[in-house]
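Summary of the model geometry
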Amino acid sequence: NGIRIVSVDEEKSVLEAAVTDASRNVWGGVHGGFLYAMADTAAGAFARINYSQHNVTLNGSINYLRSTVQSKALTAVGRPVRVGGHIGFFEVNITDDTGALVACAQMNMYFLD
């Protein structure tokens, strides 16, 4: 899908993706499912690298904040909010190539044994 992990450290995960025809919806904006996939991957990558555990998405919610018709690239930054036991809660902000915030997501990850 063209989503690329740029970096993951103790504070955040950073992902990038070029906007292509394959990532657009019928109205020319980035498909909401593509933005959700970026958020899900950002949270999951952070959890996997920082907690050394396999994880799956328990729940996710995303708010679409601005049009992406003119967007050429996207950056997702995921950060932990609270992690404990088997569940982690993460926030992910997605911006476009102009720096505009286009989506904000909250992801719950379940850590597998």
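Notes on the structure follow. The structure presented is a predicted model; accordingly, all values stated were derived computationally and were not measured.

Sheet faces and side chains relate simply in a regular strand, where the side chains alternate between the two faces. Residue alternation in strand β5 (residues 87-96) divides its side chains into a buried set, Gly88, Phe90, Val92, Ile94 and Asp96, and an unburied set, Ile87, Phe89, Glu91, Asn93 and Thr95. Summarising the sheet, strand β4 (residues 73-84) and β5 pair through 10 bridges and their orientation is antiparallel. Bridging across to β5, Gly78 finds its partner in Val92. Between the antiparallel neighbours β4 and β5 lie two residues, among them Gly85 with a positive phi of about 60°. As judged from the nine bridges shared by β5 and strand β6 (residues 101-111), these two strands associate in the antiparallel manner. Each bridged residue has a counterpart across the sheet, and for Thr95 the counterpart in β6 is Leu101. Between β5 and β6, which pair antiparallel and follow one another directly, the connecting turn spans four residues, one of which, Gly99, has a positive phi of 90°.

Turning our attention to the sheet that holds strand β2 (residues 13-18). Read from one edge to the other, the open sheet built from six strands follows the order β1-β2-β4-β5-β6-β3, with strand pairing classed as antiparallel. Each of the sheet's edge strands pairs with one partner strand only, and the pair in question is β1 (4-8) and β3 (55-64). Here the strands of the sheet are splayed against their neighbours by 20° on average, with no regard to which way each runs. Looking at chain direction, β3 and β6 are connected through nine bridges and run antiparallel. By the bridge assignment, Thr57 is partnered in β6 with Met109.

Cut-offs used in this document
Residues numbered from 1 in each chain as written. Predicted model: local features only at pLDDT ≥ 70, side-chain atom pairs only at ≥ 80, totals over all residues. Heavy atoms only, no water. Buried < 20%, exposed > 50% of the residue type's maximum accessible area, 1.4 Å probe, protein only. Helix = DSSP H or I, 4+ residues; strand = E, 2+ residues; numbered from the N terminus. Pairing = 2+ DSSP bridges. Axes fitted to C-alpha atoms, helices over the stretch in contact; angles between N-to-C directions.

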